[in-house]
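So you can see what is in the structure, the chains are spelled out below.
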Amino acid sequence: MFDTMTMTKVLGAVCGSLLVFLLGGWAASALYTTGGGHGEGHEQAYVIDTGASEAPAEVAEAPDFEAIFAAADAGAGEAVFAKCRACHKLDGTDGVGPHLNGIVDKAKAASAGYAYSPALVGMAGETWTPENLYAFLQNPRGYAPGTKMAFAGLPRSDERANLIAYLGTTN
């Protein structure tokens, strides 16, 4: 069954198959390889403009707090307070967070009976001015590192100003 002639045919078939694969690889390499050297004298086919060569555009200054606060709407601030309502109340009782009625121009950490975080207890001598509230509401953990308030903050300046205007009407 496995005589010399059969072995010769099998060896010829294997060598022929390898030769076909070798020639196929060379042909594919010739088709898909672009010629040329290693960058000498070659121009880039096209350029994608990313604007990196242009001077950066001037960043418009954000409006100052007084201008934003002057345009604040307490009615819109009541809608923004819905985000706060899960933890804060306006009826003088504390919830998960301290009550917020009369908070504008009130001393920090001054709600009797509420266990404030050490970050806010350390600020107890200061008051919640509209400017302080504005900064705190933007990023509570940045304003008072270590605060217990888990809220991420209000990124929109008009929402912060509207909320402060609304809280200023609650006593």
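We now turn to the structure provided with this report.

Each value, and the rule that gives it
Residues numbered from 1 in each chain as written. Predicted model: local features only at pLDDT ≥ 70, side-chain atom pairs only at ≥ 80, totals over all residues. Heavy atoms only, no water. Helix = DSSP H or I, 4+ residues; strand = E, 2+ residues; numbered from the N terminus. Buried < 20%, exposed > 50% of the residue type's maximum accessible area, 1.4 Å probe, protein only. Contact = heavy atoms within 4.5 Å. Areas by Shrake-Rupley, 256 points an atom, 1.4 Å probe, with all protein chains shown as cover. Expected span 1.5 Å × (residues − 1). Phe/Tyr/Trp six-rings, centres within 6.5 Å; stacked < 30°, edge-to-face > 60°. Lys NZ or Arg CZ within 6 Å of the ring centre and 35° of its normal. Salt bridge = Lys/Arg side-chain N within 4 Å of Asp/Glu carboxyl O.

Describing the overall build of the chain
What the chain contains, in helices and strands, is seven helices and zero strands. Start at the N end of the chain and walk to the C end: the helices and strands fall as α-α-α-α-α-α-α. Within the span of the chain, comprising 171 residues, buried residues form 26% of the whole. Excluding contacts between residues fewer than 6 apart, the proportion of contacts in the chain whose partners are at least 24 apart in sequence is 48%. Accessible surface for the chain amounts to roughly 11,800 Å². Of this, 61% is attributable to carbon and sulfur atoms.

Focus: helix α7 (residues 157-169)
The end-to-end C-alpha distance of α7, which contains 13 residues, comes to 19 Å, matching closely the 18 Å that a straight helix rising 1.5 Å per residue would cover. Along α7, the residues classified as buried are Glu 159, Arg 160, Ala 161, Asn 162, Leu 163, Ile 164, Ala 165, Tyr 166 and Leu 167. The elements touched by buried residues of α7 are α2 (65-70), α3 (74-80) and α5 (130-138).

A few points about the packing of aromatic side chains
Counted according to the given criterion, the structure contains seven aromatic pairs. Between the aromatic rings of Phe 65 and Phe 69, the centroid separation amounts to 5.3 Å while the plane-to-plane angle is 15°, which identifies the pairing as stacked. Here Phe 65 and its partner Phe 69 are both found in helix α2, four residues apart, which amounts to about one turn of the helix. When its relative accessible area of 29% is taken as the criterion, Phe 69 is described as partly exposed. Each ring, one from Phe 81 and one from Tyr 166, has its centre 5.9 Å from the other, and the planes form 50°; the classification is tilted. Taken together, the residues Phe 81 in the loop between α3 and α4 (118-121) and Tyr 166 in helix α7 connect sequence positions 85 residues apart. Here Phe 81 and Tyr 166 have matching classes, each one buried. Grouped by ring-pair contacts, the aromatic residues Phe 65, Phe 69 and Tyr 134 constitute a single cluster. Over the aromatic face of Trp 128 sits the side chain of Lys 108, whose NZ or CZ is 4.6 Å from the ring centroid. The cationic tip of Arg 160 hangs over the ring face of Tyr 134; the distance from NZ or CZ to the ring centre is 4.3 Å.

Regarding the pattern of salt bridges
Opposite charge on two side chains makes pairing possible when the charged atoms of those side chains draw close. Going through the model one piece at a time under the given rule, you end up with four salt bridges. The salt bridge involving Glu 159 is made with Lys 83; its shortest N-O contact spans 3.2 Å. You can see Glu 159 sitting in helix α7 and its partner Lys 83 sitting in the loop between α3 and α4, a full 76 residues away along the chain. The exposure class of Lys 83 is partly exposed, given its relative accessible area of 45%. Here Glu 159 and Arg 156 are joined by a salt bridge, their closest N and O atoms 3.6 Å apart. Judged by its relative accessible area of 47%, Arg 156 is partly exposed.

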